[in-house]
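# Descriptive analysis of the structure
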Amino acid sequence: MRVTLDHARDLDRQDPLADFKQHFALPEGVLYLDGNSLGAQPRAARDAVAATMDQWRDELIKGWNQGWFDAPERLGNRLAPLLGAGEGEVVVTDNITLNLFKLLGYLVGRRSDGRRAVLSEGGNFPTDGYIAQGFCRFGGYTHRVLPEGDDLAAHLDGVAVVVLSEVNYRTGRRRDMAATTRLVHAHGAEVIWDLAHSAGALPVALNDSGARYAVGCTYKYLNGGPGAPGFLYVRRDCQEEGWQPLSGWHGHAAPFAFDADYAPAADITRFRTGTHSALAYSALEASLDLWAEVDMPTLRAKSLALTELFRDCLADVLATHGIEDITPALEERGSQVSLIDAAHGYAIVQALIARGVIGDYREPGLLRFGFTPLYLSHEDVWHAARHFREVLEAGEYRDPRFSVRAAVT
Ligand SMILES: *Cc1c(COP(=O)(O)O)cnc(C)c1O
């Protein structure tokens, strides 16, 4: 390989984030490049969940007054700095899918100017489009799709709300959040940002980019655990504009008054729905303890260094095997490397997994590798690239067992 192992080790010696790796429990022999689907386990998460189990056993229902009930707002405030948001602007609750539905209802339902269309983007993660379809179908609104690569401005006529990902889950391409937000607002529409592949992957600047609404998850780059709760951001001055459609008791102004009628809480709490899992919140909170120590610009620098290292190690062999590298240029890049091989992509990813190099495959033809600066070293990336090269050069992926499809890819 053009890049030497010594060079990778040198980079590790100069890495200001190197110490974080010891705080993650990673299985021996695994090189994990799938933190963009499910983040690795912070060592402290196990004890945190065990402590909540003990609290449940010993304190029973009193636990709700010992930090369980207000976890959505407490964790939201802890998450806010990573997103460029302020105190009281983020609530950790439900998941992206439900949070999108809530924001769509909150934004479209109140419009009196006749705009009834919801625009979602082609090529985005499907749930964003699915939920827009379901919302429109039952609410009598119109769903439209922005074809991938098309000019957004040309599609905003009559649109009340557009749902956009800051970083595309397939290509890893990052939109300019500030410029896009300005454009959408200038056309009289609102934008809901999906931060699934931004939160914990790079510094997000919600306030500074003028964003009013966003959703995201915590089980990908934020390492909150499988099924960890999602989050929802509403800028402080936009929080009292009506009901959100999932008007459950936890979003009520006085949930324990048990009033017959719904009255939304005055603040970000109105975006809660019903009872949440205290266990799930405790795993996420252990991860947020680590995040509190992370300098986001430093994280960004390492993320870009890792993706560049992987590409440098592989450039020649990818070209030889006809694999296309569609990873965006540095300034437009999320924290992933995206490759296209329609014929062998699935089998190559399976052959890599058999060697302990875990990436993932997304139809059609996409090999996706996520780079998580807190628990990946430059040496890890070098070895992952070495395995990749060996899989290609030996034709290992041609083994028929690597073409068998599992339920979750
Ligand atoms: C992962 C992902 C989701 C997942 O939605 P959930 O409701 O958390 O399952 C949504 N949108 C995007 C862009 C994603 O990448």
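Everything numeric here is computed off the predicted structure, so don't read it as measured data.

What follows covers the UniProt feature "binding site: pyridoxal 5'-phosphate" (unreviewed entry) in the protein. Using the residue numbers shown here, the UniProt feature "binding site: pyridoxal 5'-phosphate" (unreviewed entry) corresponds to Ile 96, Thr 97, Phe 125, Pro 126, Thr 127, Asp 128, Asp 194, His 197, Tyr 219, Trp 249 and Thr 275. Taken along the chain, the residues just named run across 180 residues; in space they spread out, the farthest C-alpha pair reaching 30.5 Å. Examined against the element boundaries, Thr 97 turns out to sit in helix 4 (residues 96-108). Residue classification places Thr 97 among the partly exposed positions, given a relative accessible area of 25%. Aside from chain neighbours lying at most four places away, what touches Thr 97 is Thr 127 and Ile 131. For Asp 194, a relative accessible area of 3% corresponds to the buried category. The contact partners of Asp 194, leaving out residues within four places of it in the chain, are Ile 96, Asp 128, Leu 164, Ser 165, Glu 166 and Val 215.

Turning to unusual backbone geometry, a few remarks are in order. For the bond from Glu 363 to Pro 364, the omega torsion is -10 degrees, close enough to zero to count as cis. Note on placement: Pro 364 falls in the loop between strand 14 (360-362) and strand 15 (366-370). In the Ramachandran plot, Leu 60 falls in the positive-phi region, its phi being about 50 degrees despite a non-glycine side chain. Here Leu 60 lies in the loop between helix 2 (43-59) and helix 3 (71-83). Using a relative accessible area of 55% as the deciding quantity, one classes Leu 60 as exposed.

A volume near 390 Å³ is recorded for the largest pocket. As for the largest pocket, its lining consists of 20 residues, of which Glu 121, Glu 148, Gly 149, Arg 173 and Arg 175 are closest to the centre. Taken together, the residues of the lining of the largest pocket sort by class into five nonpolar, six polar and nine charged.

The subject of this paragraph is helix 1 (residues 5-13). Along helix 1, the residues classified as buried are Leu 5, Ala 8 and Asp 12. Viewed along the axis of helix 1, the buried residues span an arc of 60 degrees, placing them on a single side of the element. Along helix 1, the residues that are exposed and aim more than 90 degrees away from the buried face are Asp 6 and Arg 13. Tucked into the core, helix 1 has its buried residues touching helix 10 (378-393).

Reading the values: rules and limits
- Residues numbered from 1 in each chain as written.
- Predicted model: local features only at pLDDT ≥ 70, side-chain atom pairs only at ≥ 80, totals over all residues.
- Heavy atoms only, no water.
- UniProt positions renumbered as here; feature names shortened; annotations may be inferred.
- Helix = DSSP H or I, 4+ residues; strand = E, 2+ residues; numbered from the N terminus.
- Buried < 20%, exposed > 50% of the residue type's maximum accessible area, 1.4 Å probe, protein only.
- Contact = heavy atoms within 4.5 Å.
- 1 Å grid on protein atoms, 1.4 Å probe; cavity = no way out; pocket = protein on both sides within 12 Å on 5 of 7 lines; lining within 4 Å.
- Points joined across faces, edges and corners; volume = space filled by probe spheres on them.
- Nonpolar A, V, L, I, M, F, W, Y, C, P; charged D, E, K, R; others polar.
- Arc of directions from axis to C-beta.

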